[in-house]
Amino acid sequence: MSSLMGNYGRFKVSFAYGNGAKLYTENNEEYLDFASGISVTNLGHNFKPVTDAVSSQAAKVIHTSNLYEIPLQEELADLIIKNSFKGQVFFCNSGAESNEAAIKLARLYGNTVHHGKKYKIISMYNSFHGRTYATMGATAQEKIQKGFTPMPAYNQYIPFNNIDALHQALALNDVCAIMLELFQGEGGVMPIDVEFLKEVRRVCDEHDILMILDEVQTGYGRTGFLFGYQLFGIEPDIMTLSKSIANGLPMGAVVAKEKVSSLFTPGTHGSTFGGNPLASAAACAVIKEMTKEGFLQSVKEKGNILKEYLEKNLPKECTIKGAGLLRGVKTPYQPKDVAEACLKNHLLIVPAGNNSVRLYPPLNISNDDLLKGAEIFVTTIKELGK
Ligand SMILES: *Cc1c(COP(=O)(O)O)cnc(C)c1O
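Only a predicted model underlies this, so the values are computations on that prediction, with no experimental measurement involved.

**Describing the site of the ligand**
Turning to step 1, where the next piece is worked out: Around the ligand sit S94, G95, A96, N99, F128, H129, G130, E181, D214, V216, Q217 and K243, and that is every residue in its neighbourhood.
Turning to step 2, where the next piece is worked out: The contact in question runs from a nitrogen atom of the ligand to an N or O atom on the backbone of F128, over 3.2 Å.
Turning to step 3, where the next piece is worked out: Taking D214, its side chain carries an N or O atom lying 2.8 Å from a nitrogen atom of the ligand.
Turning to step 4, where the next piece is worked out: Here the ligand has 380 Å² of accessible area as a free molecule, and 81% of this is covered by the chains.
Turning to step 5, where the next piece is worked out: Taking a 2 Å distance to the grid points as the criterion, the majority of the atoms of the ligand fall inside the largest pocket.
Turning to step 6, where the next piece is worked out: The greatest single-element share of the shell around the ligand, amounting to three residues, is contributed by helix α4 (residues 95-112).
Turning to step 7, where the next piece is worked out: In the shell around the ligand, the residues fall into three nonpolar, six polar and three charged.

This is how it looks when you write it as structure tokens:
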């Protein structure tokens, strides 16, 4: 029996080292990485500016504690705010933790500004917000909650993109926040309707409800924009980040407008590791790279190259979804089987819900590697159809 708990169904392969869009086994077998650790290593493996920042910081000091000032954490927060919206940042260590903090902020807002009258959190069916108790409660999927019920009673679920259901859920005037993704990543890269998103923004303004955008997967350049909301021309009140924020070091962040962020006073929330010097050094290197002139433009271009190739070459029963290099493909096959077959052909991809798989190459992949991966994917899908 393994000494590891059995909560993962892992593919039978392991990697010893990587470079750019490629991962290698101990026997130097090469795999093209269109998984990026589930949109974490968005700048590829062994990306020099990040490797250098991490090694030089590790040699100075890895951890001090939020008992003390951490200049790199402040620099990182400034960079995030400068490139998103006016507000403040709290750092933690994962996507679930960032959503936990967002939920706590929403509760604090309801309890102070609305004197406890607003406390419900609306989230969407088929969403994914994490595996901790509160974030699992916001994740309206039976397969995630099975065996762990009852869920927190303050959650209310509505069908994604359903404006009528949204209006009905507001009838009691007891909602403090609406939490949603722009593309439901785990759910199969299901895109939000722009009309629905605009209506969420409108009702949030009208009723002083907080709009929480979970950008854990859509953030950090994946869509061709630094943050996904920038593609839609609206702003959230709270945005949660993680996955690619430090290109593989564990980190999460909550960005909130000041009317919300100011509620986190000393003693209300915290994290031992959150924003420590090592993770902050990596994250500063990441955001500096992604905000360089031309970087996001090139993600958009690569996204189009990938989309056009897939549209032209995939069998017509496949559907292509997403934006930029956040690509989902719905196929007639089980997502796990598609990922397994791609693995055999030395291409790593990510299974998702809704009979879909995700193609998440690093954002700085070369056009050659991008097309090579796309070609392996198409060949694999055609093989499955034989
Ligand atoms: C991955 C993910 C999470 C959870 O992040 P963890 O770091 O695994 O806790 C939450 N929300 C979204 C949208 C995600 O993609």
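**Here we look at unusual backbone geometry**
Of all residues except glycine, most have a negative phi; of all peptide bonds, most are trans.
Turning to step 1, where the next piece is worked out: The amide bond that connects T149 to the next residue, P150, takes the cis arrangement and shows omega of 0 degrees.
Turning to step 2, where the next piece is worked out: Mapped onto the elements of the fold, P150 is located in the loop between α6 (142-145) and β6 (155-158).
Turning to step 3, where the next piece is worked out: In this structure, N46 takes a positive phi of about 50 degrees despite not being glycine.
Turning to step 4, where the next piece is worked out: With respect to the element layout, N46 can be found in the loop between α1 (36-39) and α2 (48-60).
Turning to step 5, where the next piece is worked out: Under the relative-accessibility criterion, N46 is labelled exposed at 52%.
Turning to step 6, where the next piece is worked out: We note that Y220 has phi near 60 degrees; this positive angle belongs to a residue other than glycine.
Turning to step 7, where the next piece is worked out: By the element assignment, Y220 lies in the loop between β10 (210-214) and β11 (238-241).
Turning to step 8, where the next piece is worked out: The class for Y220 is buried, based on a relative accessible area of 1%.

**With respect to the environment of G252**
Turning to step 1, where the next piece is worked out: Within the fold, G252 resides in strand β12 (residues 252-256).
Turning to step 2, where the next piece is worked out: Judged by relative accessible area, which is 0%, G252 ranks as buried.
Turning to step 3, where the next piece is worked out: Apart from the residues within four sequence positions on either side, G252 is in contact with F90, F91, C92, N93, S94, L241 and S242.

**Here we look at the UniProt feature "modified residue: N6-(pyridoxal phosphate)lysine" (unreviewed entry) in the protein**
Turning to step 1, where the next piece is worked out: UniProt annotation of "modified residue: N6-(pyridoxal phosphate)lysine" (unreviewed entry) refers to K243 when read in the numbering used here.
Turning to step 2, where the next piece is worked out: Mapping K243 onto the fold places it in the loop between β11 and β12.
Turning to step 3, where the next piece is worked out: The contacts of K243, once residues within four sequence positions are left out, are I38, S39, V40, E186, V216, Q217 and M251.

**Points about the sheet that holds strand β13 (residues 319-323)**
Through backbone hydrogen bonds, the strands of a sheet pair up, either in parallel or in antiparallel fashion.
Turning to step 1, where the next piece is worked out: Taken together, four strands build an open sheet; the order of strands is β13-β14-β17-β16 and the sheet is antiparallel. On the outer flanks of this sheet lie β13 and β16 (350-351), each paired with one strand and no other.

**Side note on the sheet that holds β11**
Turning to step 1, where the next piece is worked out: What the seven strands build is an open sheet, ordered β4-β12-β11-β10-β7-β5-β6; its pairing is mixed. Each edge of the open sheet carries a strand with a single partner, namely β4 (88-92) and β6. Strand-to-strand twist of the sheet, defined as the mean angle between neighbouring strand axes without regard to direction, takes the value 20 degrees.
Turning to step 2, where the next piece is worked out: The sheet contact formed by β11 and β12 spans four bridges and is antiparallel. Paired with I238 across the bridge in β12 is A256.

**Let's talk about the pattern of salt bridges**
Turning to step 1, where the next piece is worked out: Evaluation of the coordinates by the stated rule reveals 13 salt bridges.
Turning to step 2, where the next piece is worked out: R201 serves as the salt-bridge partner of D205, at 2.8 Å between the closest nitrogen and oxygen. Of this pair, D205 and R201 both sit in helix α8 (residues 194-207), four residues apart, which is roughly one turn of that helix.
Turning to step 3, where the next piece is worked out: Taking the relative accessible area as the measure of exposure, D205 reaches 53% and is therefore exposed.

**Comments concerning the layout of surface pockets**
Turning to step 1, where the next piece is worked out: Taken as a whole, the largest pocket spans an internal volume of roughly 1900 Å³.
Turning to step 2, where the next piece is worked out: Along the walls of the largest pocket sit 50 residues, with Y8, G37, I38, E186 and V350 positioned nearest its centre.
Turning to step 3, where the next piece is worked out: Going through the elements one at a time, α1, α4, α6, α12 (335-344), β15 (347-348) and β16 are the ones with two or more residues in the lining of the largest pocket.
Turning to step 4, where the next piece is worked out: The residue inventory of the lining of the largest pocket, partitioned by class, reads 23 nonpolar, 17 polar and ten charged.
Turning to step 5, where the next piece is worked out: In this structure, the second largest pocket spans a volume of roughly 610 Å³.
Turning to step 6, where the next piece is worked out: Taken together, 25 residues form the lining of the second largest pocket, with Q73, V89, F90, F91 and F264 sitting closest to its centre.
Turning to step 7, where the next piece is worked out: Every element with two or more residues in the lining of the second largest pocket is listed here: α3 (71-82), β4 and β12.

**Quick look at the pairing of β12**
Turning to step 1, where the next piece is worked out: Of all the five residues making up β12, five are buried; the element is thus mostly covered by neighbouring parts of the structure.
Turning to step 2, where the next piece is worked out: Taking every second residue as pointing to the same face, both faces of β12 are buried, with G252, V254 and A256 on one and A253 and V255 on the other.

Cut-off values and rules
- Residues numbered from 1 in each chain as written.
- Predicted model: local features only at pLDDT ≥ 70, side-chain atom pairs only at ≥ 80, totals over all residues.
- Heavy atoms only, no water.
- Near = heavy atom within 4 Å.
- Polar contact = N/O pair within 3.5 Å; in protein donor to acceptor, adjacent residues only side chain to side chain.
- Areas by Shrake-Rupley, 256 points an atom, 1.4 Å probe, with all protein chains shown as cover.
- 1 Å grid on protein atoms, 1.4 Å probe; cavity = no way out; pocket = protein on both sides within 12 Å on 5 of 7 lines; lining within 4 Å.
- Sits in = over half its atoms within 2 Å of the grid points.
- Helix = DSSP H or I, 4+ residues; strand = E, 2+ residues; numbered from the N terminus.
- Nonpolar A, V, L, I, M, F, W, Y, C, P; charged D, E, K, R; others polar.
- Buried < 20%, exposed > 50% of the residue type's maximum accessible area, 1.4 Å probe, protein only.
- Contact = heavy atoms within 4.5 Å.
- UniProt positions renumbered as here; feature names shortened; annotations may be inferred.
- Pairing = 2+ DSSP bridges.
- Axes fitted to C-alpha atoms, helices over the stretch in contact; angles between N-to-C directions.
- Salt bridge = Lys/Arg side-chain N within 4 Å of Asp/Glu carboxyl O.
- Points joined across faces, edges and corners; volume = space filled by probe spheres on them.

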